[in-house]
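Architecture at a glance
Given next are the chains, with one letter for each unit.
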Amino acid sequence: MKGLLLRAWYAATKPLTLLVLLLFGIEAAVPSFTVDPNESEWFECIIFGTMTTLIGSSVSVALLGEDEMVRWHIFSATTPAARHTYVSCHYLVTVITAAVFTLLSSLASLVLLLKTTGFDGKQYLLALAVISGIVMVVLSLLLPAVFRFGAKTGLVVFIVLFIAVVALCAVLTVMSSQNGEWMQWLENTDKGFLALGIFACAGTIFAVSWLLSIAGYKRRSL
Amino acid sequence: MNGTNAIEVRGLCKKFKDFEITDLNLTVPSGCVVGLVGENGAGKSTTIRLILELMHKDSGTITVLGKDSMEEDSSVRENIGVVFDESYFPQDLTPRQIGNIMKNTYRQWNDELYVKYLSQFELPMKKIIRKFSRGMKMKLSIAAALSHNAKLLILDEATSGLDPVVRDDIIDILMDFTKDEEHSILISSHIVSDLEKVCDYIAFLHKGKLVMYEEKDRLYEAYSVIHCTEEQLKAIDKKAVIGKKIGRFGAEAIVLKEAIPEGIQGYPIDIEKLFIFMVRESG
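Structural notes, computed from the coordinates. Because the structure is predicted, anything quoted here is derived from the model rather than measured. (Residues numbered from 1 in each chain as written. Chains lettered and ligands numbered in written order. Predicted model: local features only at pLDDT ≥ 70, side-chain atom pairs only at ≥ 80, totals over all residues. Heavy atoms only, no water.)

Counting its secondary structure elements, chain A contains 11 helices and zero strands. Start at the N end of chain A and walk to the C end: the helices and strands fall as α-α-α-α-α-α-α-α-α-α-α. Per-residue burial for chain A yields a buried fraction of 53% across its 222 residues. Once local pairs closer than 6 in sequence are excluded, the contacts in chain A between residues at least 24 apart make up 84%. Approximately 10,300 Å² of chain A is accessible, and the part contributed by carbon and sulfur atoms is 74%. (Helix = DSSP H or I, 4+ residues; strand = E, 2+ residues; numbered from the N terminus. Buried < 20%, exposed > 50% of the residue type's maximum accessible area, 1.4 Å probe, protein only. Contact = heavy atoms within 4.5 Å. Areas by Shrake-Rupley, 256 points an atom, 1.4 Å probe, with all protein chains shown as cover.)

Below, the structure is given as structure tokens:
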């Protein structure tokens, strides 16, 4: 596992990759400095954060694509790092990148909260949960397809999922602007409890996805 | 481990849409070099991939270093060095970084030995692999495969596309490796002359079937090349004729020495000719 993680580290610290990651990092944190305290942009911040986090977190998928291009995944299967270790390594990289980008993205929510209503821990936690939840669920759906069928199929799945997330974000934006029943329900619900629920669901889906990926990758001919 | 065979393949079958490996039996005895020979598409790489569990067999058994499943037992993979037809290392890394990755992958990784090989092969430590020539990339793959005290080397077309000087260097390295009697090699190639230099056993694969598996010296002892007329060739027992080529000026054939009629001169065979004749004979 250490060897595979080191390979991921070397790939992630390549100048070009670093530049791309830095750009997404800045983009994720941009709303922190641009939000208008007179307008409620909390939802917009979350949506913006989700998109950038999603793209940034897919670095592990890009890594898998590169592995397949140079056939490093075939070579690793002949080393003591078994196939399940290879899958686990990529899931770990996914968790790390998702965590970093989620924290950067949630900065926007944090700044908005500080400028408007003051720091509300539960609301901040909810922002974290929504961003990481959506990202983790998308990657949970994506990764088993990549491991079972390869990076080319994974790219198609990623595009489909990305469109689905854009659609979901659009729906959430409309719902938040209408201030209807759904928003009232959100106002009345304990946000801390809701955040924990989202974390738990996303975590469970991610764990199931991890097991599915291991099973799928073991069946795949390399 | 039974102590005698590094690899044992029994009744191996794998079916694809347009190709199949059929009832393949192959043994790599410990301390020996087995050359897997066959034309392009004969099934050499597929066989090696099945042995390495990179793809799943339909039926049959494969035992590597005494273990049935490499996937479940990482100790087997600790003792295997693999070199494919190309370098499968990430192209933006340097040999030093590859060494660091390997150090954290193999428990028995010998970094000093790796550095020694890199120096012997004149490979720069800090140049990215993308800028290497094909020969340099293959040498790097071999250096990595030899630096973790592997007992078994598996090479899949590792010498293809290389110039004769580099190929000869690689053959020398492999011969050095087999000086230790515990070390075994399974090497596939369609460049038969390379295998002829290094192998103890030759396995001929043709259209997914093993058509011959024999000790190399036994092939030299048992078979001869003859030049005769078509009529003289017809008089020889067909079972003794491995392969033949009939032209305007007579016939050339590889036959069992004991079946050569008196008056016809037998000449020593070379494995490449044997291979070509066998493939033609098999159709």
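Further notes follow.
Chain A puts 25 residues into the contact, and the matching count from chain B is 28 residues. In total, chain A and chain B occlude about 2,600 Å² of area from one another, counting both sides; carbon and sulfur atoms represent 60% of this. Counting the contacts that link chain A with chain B gives one salt bridge. Along the contact surface separating chain A from chain B lie 11 residue pairs in polar contact (both at pLDDT 80 or more). When residues in the side of chain A that touches chain B are grouped by element, the largest group, five residues, is from helix H1 (residues 2–12) of chain A. (Buried area = accessible area lost by both parts, 1.4 Å probe. Salt bridge = Lys/Arg side-chain N within 4 Å of Asp/Glu carboxyl O. Polar contact = N/O pair within 3.5 Å; in protein donor to acceptor, adjacent residues only side chain to side chain.)

Attention now goes to the environment of B:Leu233. Here B:Leu233 shows up in helix H9 (residues 230–234). Along the backbone, B:Leu233 and B:Ile260 are 27 residues apart, and their C-alpha atoms lie at a distance of 9.4 Å.

The tally for this structure, following the rule as stated, stands at 16 aromatic pairs over all chains. Centre to centre, the rings of A:Tyr86 and A:Phe147 are 6.3 Å apart; their planes meet at 90°, and the pair counts as edge-to-face. Of this pair, A:Tyr86 sits in helix H7 (residues 83–115) while A:Phe147 sits in helix H8 (residues 121–149), placing them 61 residues apart in sequence. Accessibility expressed as a relative area gives 1% for A:Phe147, which makes it buried. Taken together, the ring pairs connect A:Tyr86, A:Tyr91, A:Phe147, A:Phe206 and A:Tyr217 into an aromatic cluster. Cation over ring: A:Arg83 sits above A:Tyr217, and NZ or CZ is 5.7 Å from the ring centre. If you follow B:Lys116 out to its NZ or CZ, it ends over the ring of B:Tyr117, 5.9 Å from the centre. (Phe/Tyr/Trp six-rings, centres within 6.5 Å; stacked < 30°, edge-to-face > 60°. Lys NZ or Arg CZ within 6 Å of the ring centre and 35° of its normal.)

All names here are of chain B. Pairing is antiparallel across the open sheet formed by three strands, whose spatial order is E2-E1-E4. The strands lining the two open edges of the sheet, one partner per strand, are strand E2 (20–29) and strand E4 (59–64). Neighbouring strand axes in the sheet, compared pairwise and without regard to direction, differ in orientation by 10° on average. In this structure, strand E1 (residues 5–15) lies alongside E2, joined through seven bridges in antiparallel fashion. Paired with Lys15 across the strands is Glu20, a residue of E2. (Pairing = 2+ DSSP bridges. Axes fitted to C-alpha atoms, helices over the stretch in contact; angles between N-to-C directions.)

Along the chain, the position of A:Gly3 falls in helix H1. Take A:Gly3: its relative accessible area is 1%, and that puts it in the buried class. Here the alpha-carbon distance between A:Gly3 and A:Ala81, two residues 78 residues apart in the chain, equals 8.4 Å. Discounting chain neighbours no more than four positions away, the residues touching A:Gly3 are B:Ile101, B:Asn104 and B:Thr105.

All names here are of chain B. Where helix H3 (residues 95–103) meets helix H4 (residues 111–120), the axes come as close as 11 Å, and the angle between the chain directions of the two elements is 155°. By the criterion of interaxial angle, the relationship of H3 to H4 is roughly antiparallel. At the point where H3 passes H4, the crossing takes the right-handed sense. For the pair H3 and H4, the contacting residues are Pro95, Arg96, Ile98, Gly99 and Lys103 in the first and Asp111, Tyr114, Val115 and Leu118 in the second. Looking at the contact of H3 with H4 residue by residue, the classes come out as five nonpolar, one polar and three charged. (Parallel < 35°, antiparallel > 145°, perpendicular 65-115°, else oblique. Left-handed = near helix turned anticlockwise from the far one by under 90°. Nonpolar A, V, L, I, M, F, W, Y, C, P; charged D, E, K, R; others polar.)

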